[in-house]
Amino acid sequence: MHEWALADAVITTTLKVAENEGLKEISEIIVKIGELQTIDTEIFNFALKEVMQPQKKLLENAKIKIKSEKAILKCKVCKHEWLFKNAVKNLSEDETESLHFIPETAHVYLRCPKCNSPDFEIIQGRGIWIDSISGER
Ligand SMILES: [Zn+2]
């Protein structure tokens, strides 16, 4: 159900932006999804189409592009930044999966590749947001 709530939020935001900027027709909406955000894109796409239905005039020709944003980790000790994708290369499938579901468990499995500290944060790659909305006035 979480995909429906997200789709609803995307369209609600789009309508607000359209109103604020006086757009009569939306041509493109770019949505970014963090690598660590668990989302079923098939359901999400379907939900978007459904939610868009009542806004025919404004969204009839709107293309929605969904892009994935790479997850980046940053060590709090030595400030080193590294890609989540590279960090999980040596993990088992089960471990990688649990990281996707609960990114907080990253500290159990991962260490900073530079200084070996488990004290790092996820600085990018969580959540879902609208990257850009374009349209015609
Ligand atoms: Zn470090």
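Up top you'll find the structure we're talking about.
Residues numbered from 1 in each chain as written. Predicted model: local features only at pLDDT ≥ 70, side-chain atom pairs only at ≥ 80, totals over all residues. Heavy atoms only, no water.

(A) Broad picture of the sheet that holds strand β2 (residues 63-69). Taken in spatial order, the three strands line up as β2-β1-β6 in an open sheet, and their pairing is mixed. What marks the edges here is a single partner per strand, and that holds for β2 and β6 (128-136). Strand after strand, the sheet turns through a mean of 15 degrees between neighbouring axes, direction not considered. Sheet topology places strand β1 (residues 25-34) next to β6; eight bridges connect them, and they run antiparallel. By the bridge assignment for β6, I33 is matched with I128. Packed onto the sheet, helix α1 (residues 2-21) meets β1 and β6 and runs at close to 40 degrees relative to β6. (Pairing = 2+ DSSP bridges. Helix = DSSP H or I, 4+ residues; strand = E, 2+ residues; numbered from the N terminus. Axes fitted to C-alpha atoms, helices over the stretch in contact; angles between N-to-C directions. Contact = heavy atoms within 4.5 Å.)

(B) Up close: the nonpolar core. Core analysis: the biggest nonpolar cluster contains 20 residues, and V10, I11, I26, I29, F44 and L59 have the highest contact counts within it. Where this core is concerned, the elements lending two or more residues are α1, β1, α2 (41-52) and α3 (56-59). In this view, I26 contacts T14, A18, L58, L59, N61, A62, I133, S134 and G135; residues no more than four positions away in its chain are not counted. Listed in part, the 14 residues of the second largest apolar core include A71, L73, L91 and L99. (Core = buried A, V, L, I, M, F, W, Y, C linked by side-chain atoms within 4.5 Å. Buried < 20%, exposed > 50% of the residue type's maximum accessible area, 1.4 Å probe, protein only.)

(C) Spatial organisation of the pattern of salt bridges. Tallied over the full model, the rule gives three salt bridges. With a closest N to O distance of 3.2 Å, K32 and E69 form a salt bridge. With K32 in strand β1 and E69 in strand β2, this residue pair connects regions lying 37 residues apart in the sequence. Of the two residues, K32 and E69, both sit in the buried class. (Salt bridge = Lys/Arg side-chain N within 4 Å of Asp/Glu carboxyl O.)

(D) Layout of the coordination of the zinc ion. Ligation of the zinc ion by protein atoms is provided by C75 (SG), C78 (SG), C112 (SG) and C115 (SG), these donors lying 2.3 to 2.4 Å from the ion. Classification of the site at the zinc ion rests on its four donor atoms, whose angles at the metal span 106 to 116 degrees, yielding the label tetrahedral. Motif for the zinc ion, donor spacing along one chain: C-x2-C-x33-C-x2-C. A relative accessible area of 34% places C78 in the partly exposed class. (Donors = N, O, S within 2.8 Å, 3.2 Å for Na, K, Ca; no water. Tetrahedral: all angles 85-135°; square planar, octahedral: opposite > 155°, others 65-115°.)

(E) Looking closely at α2. The end-to-end C-alpha distance of α2 is 16 Å, a good match for the 16 Å that 12 residues give at a rise of 1.5 Å each. N-capping of α2 is provided by D40, with a side-chain oxygen placed 3.0 Å from the backbone N of E42. (Expected span 1.5 Å × (residues − 1). Polar contact = N/O pair within 3.5 Å; in protein donor to acceptor, adjacent residues only side chain to side chain.)

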